[in-house]
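# Architecture and fold: a report
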Amino acid sequence: MLLYVLRRIGWSLLTVFGVMVLTFLLFRLSAGDIAAAHVGEKATERAKAVFLHKYGYHLPTLLNVHRRLVLTDATDGNRPLNVADAKGSNAAEALGLILETVEAPPPTEAGDDEPPPPAVVPRVLVGHYVPFLDDQTPLPALTRNAPLAPQAKAPAPKAGEEAATQSATAEPATQPGTAEPSTQPTTAQASSPPTTGEAAPRAIMVFRLSDGTELKVDFTGATTAGDVLEAVNRHPHNDGRLVASFSPRGPLTVFDSQFFHHLQRSVTFQARSLRDERKLTAIIAQHGPASLAVSVPALGIGWAMAIIVASLVAYYRGSWGDKIGVFLSVLGMAVPFLAFLILGQWITFHLAPARAYGTFYPSNVYVPVLIIALASLGGQVRFYRTIILDETNRDYVRTARAKGVPLPGILFKHVLKNCMLPILTNVIMTIPFLILGNLLVEQSFGIAGLGDLMISSIQSRDETIMNGLVFLLALVYTAGILVTDLSYTLFDPRVRLR
Amino acid sequence: MAIEVKSQDAARVPGTQRIEAKPLVGRSLWSDAVGRLRRDWTAKLCLAVIALYALVAIGGVFYEALAAHDVVPTLDEYAQGLNARGVPVDRPPAPTNAAPNLRAHWTQWLGTDWNGKSALLKTLLGAKVSMSVGLIANLIAVPIGLLLGAIAGYFGRWRDSVIVWLFSTLASIPGIILLIAIKYAFQGVRWGPLDFSGIHGLYVALGVISWIGTCRLVRAETLKLRELDYVMAARASGRKSMSILLRHILPNVLHIAIISFSLGFVGAVQSEVILSYLGLGVPVGQPSWGSMINAARMDLVAGRWWEFTAAVTAMFFLVLALNIFGDRLRDALDPRLRNV
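Residues numbered from 1 in each chain as written. Chains lettered and ligands numbered in written order. Predicted model: local features only at pLDDT ≥ 70, side-chain atom pairs only at ≥ 80, totals over all residues.

A few words on the overall build of chain A. Helix and strand counts for chain A come out as 20 helices and nine strands. Looking at the 498 residues of chain A, the share that counts as buried comes to 38%. Nonlocal contacts in chain A, meaning residues at least 24 apart in sequence, comprise 74% of its contacts between residues at least 6 apart. (Helix = DSSP H or I, 4+ residues; strand = E, 2+ residues; numbered from the N terminus. Buried ≥ 20, exposed ≤ 12 C-beta atoms within 10 Å, placed from the backbone. Contact = placed C-beta atoms within 7 Å.)

Written out as structure tokens, the structure reads:
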């Protein structure tokens, strides 16, 4: 018994894991240009990169055997570290450098006695993740997974000059803009790997450090990642103000990938909306009650009606009532759900216009409940009739009739108890819809439930919310099936657990 | 089929003399099922309805091919009163939101939509989408289910575990949600001539999720078949597993595949309508019952009932015929699953 329970639980966990893999494939890997969808098509590459960093899209996909270039500001000012100027070269984009705005600086940065700098002040510049990055990695590899799209406008040299002079006086916030004009030569160079033999274009970057000082580094002639480190660390005027290194790699950083972050966020429900950064749990808590208010009564009423009708129809098998009942349920099964929905709303609109949309009045819930209950009736009646018929043909029913047990007693005391197994399974199958409510009904009746949330998340490409909802459903469903399996012994002693 | 029985064997095994005396008339499952369906006028009627829809669908394919080559006017050209080459004809442009009118041009018999497009033509072309989705999705799903189910049931052990894990994972997400998610992931995905954000994605998405039912049934049946004597005999005589699977198991679970096909067809048609209604099915501009119902939602309030009614009625009769025929087919092919 215990062994069976354990094995069953293990099997459920495997299924849940499978669901996470599936949602990863569906919502994460096939993201497309998710940054463009949320930051805007016309956003700068840097703005998109910041968005991707924020939600962890920059991480390696499956296993993190990657490292990245890290430029750490060792001065203790309170201004953000940034690239003040990237003159005449690919510079920032060539190195795949990006402002860190989300992750707090590593704790080793600030000493324990010093007050920790505000988290919004970026003091670290990081590059893109490169598989197996080391000193020998050629420079173009650094930009390989950088989302570089050539800017539409051709940069005039004058504009570059202007931006450079402007940046000396402007606020650091305008820096992403200044990096823009230099993008065109960047891509041109990145496509043709720089060789020392050719006259490589000069690559000079000016970093503005947090104490306000600047550091001008000449990367001209650098061909490998090691050269870049050397150019910064061995810089004659650096004096340890700016430290270039590769990100550390330990046994656990292997799991610092999108896939493992996805697993962790799925299980803990710690995701945030891509749209407005609200917590997934808060959103579910807000939308859940509306869904439950519709779906619980709907399923309860629908289920009770189906059982009663099916029992009666099955008991009077072969009579006119049975034939009409079966005929009607076959017809009902063929009517599209959308027809029930739209006609129901249309009739409501003519009878009581205020009740046809929204959740302003609590009584608005009646019509959706009725529609869901009625629409599912046909199929349910047929299904339960088949099950109950198997039972009503048995000897104990005949005996009960012969003894004079009244009809409700036979049907609901003896027969129903014996058909509990398939009925219970069928009820469990509908549990996901209990939570999700009904997508279509919620959408057209303006009920702000989880189903409505699901549809609006699809339309706004809010993948974290979709993932959270799908995972929640799968989790509840799997748990439901597990509980049913284990509770079979309660209802049917004939079932022996292996 | 005459059975040759040697006289010694006949003497040893009781009952064989009778076979020898009167050659057994083959009453296979298939001939039995065909005979049963042939006597059943409801089934024949439903089959006729399905065939009619199939004809309309094939007609839709031809119509679209001809319209693409400027032989017949497209939907838009009909609406604007143009001929196939885009030249105005003496017929006036179709009125928009016109009620059904049998005296007008035949395209207006079921009324027109807000664009002046013919509701009748749209309904007929919608049959093409529904029938092709039902057919192709099941052509993808049923073979997968058949093969995986037979492999899982026959080999057991790790193959069984992997396949059961696969389908229980897929089954633990409600079908419509999974469909929506797959269609979402297919956004903008193209592969050669296939455009997965459109109807091709619909085929694949439905195919990928609807093999589960077939697989379950086939697996359960194979588990039983595997223990039967003739399979044991084949194994004992040294037949390869794959050959047993193909020669002895698959033919005996084929009836399940056919039943699944007919049931899956209904599911695919219904799913297509819901997805198109949500805007995740066929691309915009392609006539489909789902997009017609979606477009007609607001029309109904304004009293324009014809587009909605046309789409719903078309779908109703197709689903009704498919449902009843599927039931009869199941009764004929699988006596144990028979509805009492």
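Continuing now.
Looking only at helices and strands, chain B features 14 helices and two strands. Since a compact globule built from 340 residues should have a radius of gyration of about 20 Å, the 26 Å found for chain B marks it as more spread out than a globular shape. For the C-alpha atoms alone, the extent of chain B along its principal axes is close to 90 × 45 × 40 Å. A total of 340 residues make up chain B; the buried ones form 44% of that total. (Rg over C-alpha atoms; globule rule 2.2 N^0.38 Å.)

Before going further, it helps to examine the nonpolar core. Nonpolar side chains tend toward joint burial in soluble globular proteins. If you look at the biggest cluster of nonpolar residues, it comprises 155 residues, and the most contacted ones within it are Val470 of chain A together with Leu179, Ala181, Leu206, Ile293 and Ala311 of chain B. For this core, the leading source of residues is helix 6 (residues 119-155) of chain B, giving 17 residues. The residues touching Leu179 of chain B, leaving out its near neighbours within four places in the chain, are Ala205, Leu206, Ile209, Ser271 and Leu275 of chain B. If you look at the next biggest cluster of nonpolar residues, it comprises 19 residues, including Leu125, Ala225, Leu242 and Ala244 of chain A. (Core = buried A, V, L, I, M, F, W, Y, C linked by C-beta atoms within 7 Å.)

All names here are of chain B. Between helix 8 (residues 175-185) and helix 12 (residues 241-277), the least distance of the axes is 11 Å, while the angle of their chain directions is 55 degrees. On the basis of the axis angle, helix 8 is oblique to helix 12. The crossing of helix 8 and helix 12 is right-handed. Contacts between helix 8 and helix 12 involve Ile176, Leu179 and Lys183 on the former and, on the latter, Ser271, Ile274 and Leu275. Split by residue class, the contact of helix 8 with helix 12 holds four nonpolar, one polar and one charged. (Axes fitted to C-alpha atoms, helices over the stretch in contact; angles between N-to-C directions. Parallel < 35°, antiparallel > 145°, perpendicular 65-115°, else oblique. Left-handed = near helix turned anticlockwise from the far one by under 90°. Nonpolar A, V, L, I, M, F, W, Y, C, P; charged D, E, K, R; others polar.)

Moving on to the environment of His38 of chain A. Relative to the helices and strands, His38 of chain A is located in helix 2 (residues 34-39). Here His38 of chain A is in contact with Phe51 and Leu274 of chain A, once residues within four sequence places are set aside.

In this section: the pairing of strand 8 (residues 214-218) of chain A. Residue and element names in this part refer to chain A. The pairing of strand 7 (residues 204-208) with strand 8 spans five bridges and is classified as antiparallel. In the strand pairing of strand 8, Met205 is matched with Val217. Hairpin remark: strand 7 followed by strand 8, antiparallel, with five residues in the connecting loop; positive phi at Gly212, about 95 degrees. (Pairing = 2+ DSSP bridges.)

We now examine unusual backbone geometry. Residues and elements named next belong to chain A. A positive phi angle is found at Phe269, which is not glycine, with a value near 55 degrees. Position of Phe269 among the secondary structure elements: in the loop between helix 9 (258-268) and helix 10 (280-315). Classification of Phe269 as partly exposed rests on a count of 14 C-beta atoms within 10 Å. Of note, Arg461 is a non-glycine position whose phi angle comes to about 55 degrees, a positive value. On the neighbour-count criterion, Arg461 (20 C-beta atoms within 10 Å) is buried.

Okay, the interface of chain B and chain A next. Counting from both sides, the interface comprises 34 residues of chain B and, opposite them, 33 residues of chain A. For the side of chain B that touches chain A, the secondary structure elements donating two or more residues are helix 7 (157-171), helix 8, helix 12, helix 13 (289-301) and helix 14 (306-333) of chain B. In terms of residues, the side of chain B that touches chain A owes the most to one element, helix 14 of chain B, which gives eight residues. Per-class residue counts for the side of chain B that touches chain A are 25 nonpolar, eight polar and one charged.

Residue and element names in this part refer to chain A. On average, residues of chain A score 74 in pLDDT, and 74% of them reach the 70 mark or higher. Below pLDDT 50 for its whole length, residues 101-120 participates in 16 contacts with residues either more than four positions away or in separate chains. Contacts of residues 144-199 to residues separated by more than four positions or lying in other chains number 77 contacts, the stretch itself having pLDDT below 50. (pLDDT = per-residue confidence, 0-100.)

With that out of the way, let us pick up helix 6 of chain B. All names here are of chain B. A rise of 1.5 Å per residue sets the reference length of helix 6, with its 37 residues, at 54 Å; its end C-alpha atoms lie 53 Å apart and thus fit the reference within 8%. At Asn138, helix 6 is deflected by roughly 25 degrees, the largest bend along its length. Across the 37 residues that make up helix 6, a large majority, 27, are buried. Once helix 6 finishes, Gly156 follows within two positions and takes phi at roughly 65 degrees, a positive value. (Expected span 1.5 Å × (residues − 1). Bend = angle between axes of the 7 residues up to and from the residue.)

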